[in-house]
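Architecture at a glance
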Amino acid sequence: MHVMGGGDVGGAKTQIMNTVTGLARRNDVMLLSFRAGPFADEARERGIDVRVIERHNPFRAARAMRDLVDEFEPDIIHCHGGRANLMGAMVRRTRRVPVLTTVHSDYKLDYMGNPFKQHTFGTANAVALRFLDFYQPVADRMARTLIERGFDPERIVKIYNGMEFKRPEGAFDRAQYLRETFGAEIAEGDVLCGIAARLTAVKDIATTVRGFAAALKEAPQLRLFIAGEGEDEEMLRRLCTQLGVAERVTFCGWVAPVEPFFRAMDINLLSSVSETFPYSILEGICAGCATICSDVGGMPELIDTGENGYIFPVGDDKQLARYMVRLANDAAQRQAFAEALYQKASRDFSKDKMCERQEANYRHVLARFHRPKEERESIVICGAYGRGNAGDDAILEAIVREMRALAPERTICVMSRRPKETRLNYRTGAVYTFNVLSVLRRFRRAALYINGGGSLMQDVTSTRSIWYYCYTLHAAKKRGCKVMMYGCGIGPINRMGNRKMAARTIDRSVDRITLRDDNSRALLAEMGVTRPDIRVSADPTIILDPAPQEIVRLALEQSGIDPDGRYIGFGLRNWPGLDGALPEIAAAAEYAYRRHGLTPVFVPIEFPSDLTPAERVGALLSCPWHAVRTRLPIETTIGILARMQTVVGIRLHSLMFSAGQGVPVVGMSYDIKVDGFLKYIGSRTCLQLRSVRADELCRLIDECVSGALDGEVCRTAEMLREREQENVRGAAKLLGIEN
């Protein structure tokens with residue numbers, strides 16, 4: 001049963017209509033509307049069972065809706081919009097049917113510019129949302145917004161808008177269309193930009209106008225067409241006059257149908273402050289437009305910046321102008337972007353694909369809603385998470401991704417130092433690592449406890465940590481969980497008491513262990529651990545891919561680094577023995593610049609602490625050097641390291657990220673885990689941190705830069721990805737998953 005207010009317009013209307021008509025092919029669908037009118041009439045004409053409840057009293061409307069629920073007996077109630085959410089929340093109290101709502105837009109911005117509606121309808125919707133069972137945001141960005149506002153990430157399932165992607169057929173004279181429809185005359189060689197949106201604050205069309213005005217100085221062939229109506233129209237007209245571009249801007253009013261409008265355009269623009277997955281972008285793609293849009297909603301999932309379109313930061317009219325100039329002056333790029341984006345959108349965001357996702361979401365929701373309360377179903381993950389270390393964050397990202405692919409119906413809970421941040425970044429449940437009572441409660445419902453990855457079983461940093469991790473292994477097993485140590489390293493464990501305690505706990509409490517290097521396996525054998533099923537695999541982070549090239553380019557530019565330069569990367573960390581190594585590292589960096597033309601770039605893995613040794617080395621250099629001074633997403637960090645000619649690292653994950661991308665590495669070992677990894681991949685390029693000498697570093701840099709190791713490095717990357725799958729196979733076996 002789909003429930004809607006009945007007055008929906010724009011993208012929400014299109015999405016609801018596409019969904020109900022698509023689902024009706026294989027399912028019994030009833031559409032309940034609280035208003036008669038064109039929407040209900042159109043759905044009825046398409047063969048949908050439409051029921052209209054016109055009751056202004058919400059209690060009477062809820063009573064009528066309950067009667068229809070009893071008559072139709074839906075498996076799921078799917079709400080769209082504020083009034084539908086309110087009715088769904090009222091009916092949910094007395095009917096055991098899961099209530100799902102699609103969040104088409106940011107409910108706090110729905111009535112932006114209208115304080116009365118914001119404080120009445122907006123508030124009622126915000127309250128009703130809290131009483132529903134599941135939430136379906138249109139794209140990942142809206143899911144993030146919901147989690148930031150306290151919604152449970154385990155009750156959120158994403159959807160993306162979809163449409164029929166059919167190329168417009170027949171001849172089309174755009175000059176005639178524009179002249180006859182809008183009274184606009186265009187000249188040969190004009191490049192036409194169009195934006196189709198309501199003229200309201202949330203669409204921020206003023207940014208489009210300012211960007212257009214700036215672009216016009218370098219690309220005078222540009223024209224702008226604004227399709228839409230709204231309260232901002234007079235303000236926008238004044239802005240065009242103030243910027244001196246009124247003669248190159250055409251206000252088209254409300255345009256229907258919109259297909260010929262986009263057929264007439266070369267570039268489709270969007271500058272909204274908030275969107276989910278806007279249909280105006282999909283419609284422009286279908287018509288063959290190149291696309292530039294603001295960084296909102298699911299646009300990063302659709303557009304790969306620099307490969308099939310451009311995404312600019314919200315409100316950044318200067319970046320918008322730069323992208324407009326590029327496309328205005330390059331017809332071949334416009335055509336290439338339009339074709340590439342059409343191919344991706346028609347493959348991944350078609351109406352059929354949307355309906356497939358919707359049915360999959362329904363199956364997920366129904367399985368979760370009707371799961372027996374006593375069933376052990378969740379996966380608990382413990383590690384050094386929530387401390388700002390990119391290596392540990394990458395491990396968690398990889399494990400969560402693998403568990404979601406392996407068992408999508410299961411919930412995941414992470415033990416984290418910053419549970420709010422973890423819930424937001426990884427879309428999982430989370431508890432504070434040392435909230436023992438909460439952890440034990442999670443163990444009682446968990447099917448699998450994952451300890452790892454990383455080197456948790458060591459006593460170099462402290463004895464307390466190894467005792468705590470051993471306690472969690474024991475507690476999880478005692479409460480009935482299957483227990484796995486996942487893609488981890490072991491040691492060093494220096495104290496004899498700690499060795500005995502760890503060996504005893506692991507032998508008694510762990511079912512399966514996957515290790516990221518051979519040294520760890522040897523240490524377990526030395527400790528006398530024999531009962532668990534032990535396999536050698538690889539670090540989970542090997543599965544992570546770098547960010548798209550244009551995203552990496554932007555990150556480099558923001559750090560003042562030329563994306564087209566040649567670089568040697570350094571992944572340093574503070575550690576005893578570093579002081580003596582700093583002059584040697586600086587001498588090697590200077591040598592790489594003078595001998596090979598490689599500018600040193602310092603890439604922090606743990607931010608900001610890794611910037612301190614970077615600055616200390618930089619102070620000793622006379623050659624140019626750079627440092628990445630902002631915290632970046634893991635995939636962007638990997639992308640930057642992948643751009644290096646070689647990487648010299650103390651940080652283990654600077655070496656792992658680089659080797660996984662086929663970049664030659666030179667390790668400076670401060671710990672057995674660094675030796676173990678480099679030995680495991682067959683690398684000959686490892687020095688001990690306490691005895692690093694510049695001449696040895698320079699020799700290894702020469703070998704890496706020469707290309708002599710390229711084949712070996714590529715084989716290593718392939719080997720690591722293949723072996724990493726042993727981690728997933730181990731988890732699957734413990735969960736009883738056959739394939």
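All of the points below concern the structure found in this document. (Residues numbered from 1 in each chain as written. Predicted model: local features only at pLDDT ≥ 70, side-chain atom pairs only at ≥ 80, totals over all residues. Heavy atoms only, no water.)

1. A word on the packing of helix 6 (residues 140–148) against helix 17 (residues 419–426)
As a packed pair, helix 6 and helix 17 sit with axes 9 Å apart at the nearest point and diverge in direction by 160 degrees. When the axes of helix 6 and helix 17 are compared, the pair comes out roughly antiparallel. The way helix 6 lies across helix 17 gives a crossing that is right-handed. Side by side, helix 6 and helix 17 meet where Arg144, Ile147 and Glu148 of the first sit next to Arg423, Leu424 and Asn425 of the second. Of the residues belonging to the contact of helix 6 with helix 17, the class tally is 2 nonpolar, 1 polar and 3 charged. (Axes fitted to C-alpha atoms, helices over the stretch in contact; angles between N-to-C directions. Helix = DSSP H or I, 4+ residues; strand = E, 2+ residues; numbered from the N terminus. Parallel < 35°, antiparallel > 145°, perpendicular 65-115°, else oblique. Left-handed = near helix turned anticlockwise from the far one by under 90°. Contact = heavy atoms within 4.5 Å. Nonpolar A, V, L, I, M, F, W, Y, C, P; charged D, E, K, R; others polar.)

2. Thoughts on the nonpolar core
Grouped together as the largest cluster of nonpolar side chains are 96 residues, with contacts concentrated most on Ile381, Met403, Ile585, Ile640, Met668, Phe677 and Leu697. Residues within four places of Phe677 in sequence aside, it is in contact with Asp517, Leu652, Leu655, Met656, Ala659 and Leu720. Within the second largest apolar cluster, 38 residues are counted, among which are Val380, Ala503, Ile506 and Val510. (Core = buried A, V, L, I, M, F, W, Y, C linked by side-chain atoms within 4.5 Å. Buried < 20%, exposed > 50% of the residue type's maximum accessible area, 1.4 Å probe, protein only.)

3. Regarding helix 14 (residues 331–348)
Compared with an ideal rise of 1.5 Å per residue, which puts 18 residues at 26 Å, helix 14 spans 26 Å between its outermost C-alpha atoms and is within 8% of the ideal. For helix 14, every residue scored as buried is listed here: Arg334, Phe337, Ala338, Leu341, Tyr342, Lys344 and Ala345. Its side-chain oxygen placed 3.3 Å from the backbone nitrogen of Ala332, Asp330 serves as the N-cap of helix 14. (Expected span 1.5 Å × (residues − 1). Polar contact = N/O pair within 3.5 Å; in protein donor to acceptor, adjacent residues only side chain to side chain.)

4. Brief notes about the packing of helix 4 (residues 82–92) against helix 5 (residues 115–129)
Two elements in contact, helix 4 and helix 5, have axes whose closest approach is 8 Å; the angle formed by their N-to-C orientations is 40 degrees. In terms of their interaxial angle, helix 4 and helix 5 are classed as oblique. Helix-helix and strand crossings are classified by hand; for helix 4 and helix 5 the assignment is left-handed. Contacts from Gly82, Asn85, Leu86 and Ala89 of helix 4 reach helix 5 at Asn125, Ala128 and Leu129. Counted by class, the contact of helix 4 with helix 5 contains 4 nonpolar, 3 polar and no charged residues.

5. Thoughts on the pairing of strand 9 (residues 249–253)
Counting buried positions along strand 9 yields 4 of 5 residues, so the element is predominantly enclosed. For strand 8 (residues 222–227) and strand 9, the ladder comprises 4 bridges, and the chain directions are parallel. Paired with Leu224 across the strands is Val249, a residue of strand 9. Viewed along the sheet, the connection from strand 8 through helix 9 (residues 233–242) into strand 9 turns out right-handed. (Pairing = 2+ DSSP bridges. Right-handed = clockwise from strand over helix to strand, strands pointing away.)

6. Section: the sheet that holds strand 3 (residues 49–52)
Across the sheet, 6 strands lie side by side as 3-2-1-4-5-6; this open sheet has parallel pairing. Edge positions in the sheet fall to strand 3 and strand 6 (134–137), since each has one partner strand and no second. Neighbouring strand axes in the sheet, compared pairwise and without regard to direction, differ in orientation by 25 degrees on average. Across 3 bridges, strand 1 (residues 2–4) lies against strand 4 (residues 77–80) in parallel orientation. Paired with His2 across the bridge in strand 4 is His78. Contacts from helix 3 (residues 58–72) reach strand 1, strand 2 (30–33), strand 3 and strand 4, with the element oriented near 175 degrees to strand 2.

Remember that the coordinates give geometry; whether it matters functionally is a separate question.
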